[in-house]
Amino acid sequence: MIIYNPCNEELIKISRTKKQIKPIDKKINIIMIDFNDLHSLFYHSVSKSCIAKNILPKKPLKVTITDYWNVVNEAIPTIMNEKDKYHKNIRFLILYTEYFKNNRILDTYELTREIEKFKNFKEILEYVKREIPIVINKSIKKSYIKKYFYTQAGYYKNSLEYESQRYLYELSHSIAKGAA
Amino acid sequence: MVGSQEFRNKIRSMISQKYNLEFLGSNFDQIASFISESKAQKIYSWVQGVIEKKIQPITISSKKKYKDWRINELMAFRHPFNIDNVEYRIMFIKVKNSFYIEFHLGDHKYYDTVRKSLDLKKGSY
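Calculation criteria
Residues numbered from 1 in each chain as written. Chains lettered and ligands numbered in written order. Predicted model: local features only at pLDDT ≥ 70, side-chain atom pairs only at ≥ 80, totals over all residues. Helix = DSSP H or I, 4+ residues; strand = E, 2+ residues; numbered from the N terminus. Buried ≥ 20, exposed ≤ 12 C-beta atoms within 10 Å, placed from the backbone. Contact = placed C-beta atoms within 7 Å. Axes fitted to C-alpha atoms, helices over the stretch in contact; angles between N-to-C directions. Parallel < 35°, antiparallel > 145°, perpendicular 65-115°, else oblique. Left-handed = near helix turned anticlockwise from the far one by under 90°. Nonpolar A, V, L, I, M, F, W, Y, C, P; charged D, E, K, R; others polar. Core = buried A, V, L, I, M, F, W, Y, C linked by C-beta atoms within 7 Å. Pairing = 2+ DSSP bridges. Domains from an automatic or database assignment. Arc of directions from axis to C-beta.

Asks: Pulling in residues and values, what's your account of the overall build of chain A?
Replies: Each helix and strand counted, chain A has seven helices and three strands in total. Tracing chain A from N to C terminus, the helices and strands come up as β-β-β-α-α-α-α-α-α-α. When burial is assessed residue by residue, chain A has 33% of its 180 residues classed as buried. A fraction of 50% describes how many contacts in chain A between residues 6 or more apart in sequence connect residues 24 or more apart.

Structure, rendered in C-alpha cells:
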C-alpha cells in the first residue's frame, strides 16, 4: 500500500516485504513503513492526513518517553548544525512534544503550520527549554524521571565542550529537578 | 571530480591520527567519483569543522556493543548533501575524547542501515 504525503512530497510505502521501489522522479522520497511500525506516532500522524484513511491498516498507538527523548537527543544537535534550515528536521520534535503536551496527534498539515510559527532556530531551542521539562513532568512518574534523566545527564557530562551536549545536559537536569 | 582515493587521502591527512580510519559505504567509490571539486571542498571544510569541534555531534545512550566499543562511548557527526537531486549522507564516527573510527558515505538506504547499527533508528521509517 502506498500513501502520498503532499506536505513533504514523499511516498510512504506500507509493506511486509523489504523490496525497494525506485521513483522515476528522483526528487520524491520514499519512506518504507514495516507492518510492525504501524503503532508509531509517525504513522498515526501520516495516516490521519490521508484522504483514504478508512482503508488504511490500524494499530493502537504506542509511544514512550524514551522514544521522545531519542527524538530530542537527535534534534538538538541537528538544529544547531543546520541553523535556519531546520524545517524538515524538527517535524518529529514538534509531533512528539505536541502529543505529550496536548495528547493530540497532529496530521501533516497541522504539523507544518506548527513549524511555521517559529521564526528561527533560536525560538525552537527556547521552546524546547520551556516546554519539555513541563511536558515530561506531567506525563510520567517522578521516580522514573529522576532515574532516567540523571542517567542521561551523565552521558552528556563527558562532552560538555559541545554546545548541543551542554544544552542537553542542562535540559535533562532541568527535567530531573522538576521531579525532585 | 575528485577520485575516491584522493578523497580518502585528504580526509586521512586532515585528521592525522595513528588509528586506521575506515571508509565505509555500499557504493563508496562510485559516490566519491561523482563528487565535484567544489562539493569536495565543502565536505573538507565540514570535516575541519568536526575537528575544531564546531559541528555538533549526536551521542547515543545505548549500552549495546558496536565493534570494540559500547555505543554510548561514540559520537556521530552527520552531513547531508545531494548530487543531481539524489540525497547522500556522511556519517563520521568518533570515540568520545579520542580518535575517529569510521567515515560512512552512502545513500538514504545505506544511511538507515548505519543508523540502525548505532541504535539511532528504532523503527523502519
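Still more to cover.
Asks: I'd like a rundown of the packing of helix α2 (residues 65-82) of chain A against helix α5 (residues 121-139) of chain A, residues and numbers included.
Replies: Residue and element names in this part refer to chain A. It is the contact of α2 with α5, at a shortest axis distance of 12 Å, that shows an interaxial angle of 165 degrees. Regarding the angle of α2 to α5, the classification is roughly antiparallel. You can see that α2 and α5 cross each other, and the crossing is left-handed. Facing Ile65, Val72 and Ile79 of α2, the residues of α5 in contact are Phe121, Ile124, Leu125, Val128, Ile132, Ile136 and Ser139. Broken down by class, the residue content of the contact of α2 with α5 amounts to nine nonpolar, one polar and no charged.

Asks: Go over the interface of chain B and chain A, please, and point to the residues and values.
Replies: The interface is formed by 19 residues belonging to chain B together with 26 residues belonging to chain A. Of the residues that constitute the side of chain B that touches chain A, the class distribution is seven nonpolar, eight polar and four charged.

Asks: Tell me about unusual backbone geometry, and please be specific about residues and values.
Replies: Residue and element names in this part refer to chain B. The backbone of Asp84 sits at a positive phi, close to 50 degrees, despite the residue not being glycine. Tracing the backbone through its elements, the reader meets Asp84 in the loop between β5 (74-83) and β6 (86-95). Positive phi values are uncommon outside glycine, yet Asp119 reaches one of about 65 degrees. Inspection of the secondary structure puts Asp119 in the segment after α4 (108-117). Classification of Asp119 as partly exposed rests on a count of 17 C-beta atoms within 10 Å.

Asks: Please give an account of the nonpolar core that cites residues and values.
Replies: Considering soluble globular proteins, one finds that nonpolar side chains tend to be buried as a cluster. With 34 residues, the main nonpolar core has Val72(A) and Tyr96(A) as its most contacted residues. For this core, the secondary structure elements donating two or more residues are α2, α3 (91-102), α5, α6 (142-157) and α7 (163-178) of chain A. In terms of residue count, α2(A) provides more of this core than any other element does, seven residues in total. One finds Tyr88(B), Phe92(B), Tyr111(B) and Leu120(B) within the second-largest nonpolar core, a separate group that totals 26 residues.

Asks: Which residues make up the pairing of strand β7 (residues 100-107) of chain B, and what values go with them?
Replies: Side chains on a regular strand alternate between the two faces of the sheet. Residue and element names in this part refer to chain B. Judged from the three bridges that link them, strand β1 (residues 22-24) and β7 form a sheet pairing that is parallel. Of the residues in β7, the one forming a bridge with Leu24 is His104. Across seven bridges, the pairing between β6 and β7 is antiparallel. Residue pairing across strands places Arg89 opposite Gly106, the latter belonging to β7. Between the antiparallel neighbours β6 and β7 lie four residues, among them Asn97 with a positive phi of about 55 degrees.

Asks: So what's going on with the pairing of β6(B)? Residues and values would help.
Replies: Residue and element names in this part refer to chain B. In terms of burial, β6 is largely enclosed, as seven of its 10 residues are buried. Note that β5 and β6 share 10 bridges and pair antiparallel. Bridge pairing links His79 to Ile90 in β6. Between β5 and the antiparallel strand that follows it, β6, lie two residues; Asp84 among them carries a positive phi value of about 50 degrees.

Asks: Tell me about the domain arrangement of chain A, residues and numbers included.
Replies: All names here are of chain A. Domain boundaries in chain A define domain 1 (2-55) and domain 2 (65-178). Taken together, the eight residues of domain 1 in the interface contact 10 residues of domain 2. Taken together, the residues of the side of domain 1 that touches domain 2 sort by class into three nonpolar, four polar and one charged.

Asks: An account of α4(B) is needed here, citing residue identities and associated values.
Replies: Along an α-helix, a turn takes 3.6 residues, which lines up residues three or four apart on a common side. All names here are of chain B. For α4, every residue scored as buried is listed here: Tyr110, Tyr111, Val114 and Arg115. Along the long axis of α4, the arc covered by the buried residues comes to 140 degrees, so they all point the same way. Each element contacted by the buried residues of α4 is listed here: β6 and β7. Asp119 sits one or two residues past α4 and shows a positive phi near 65 degrees.

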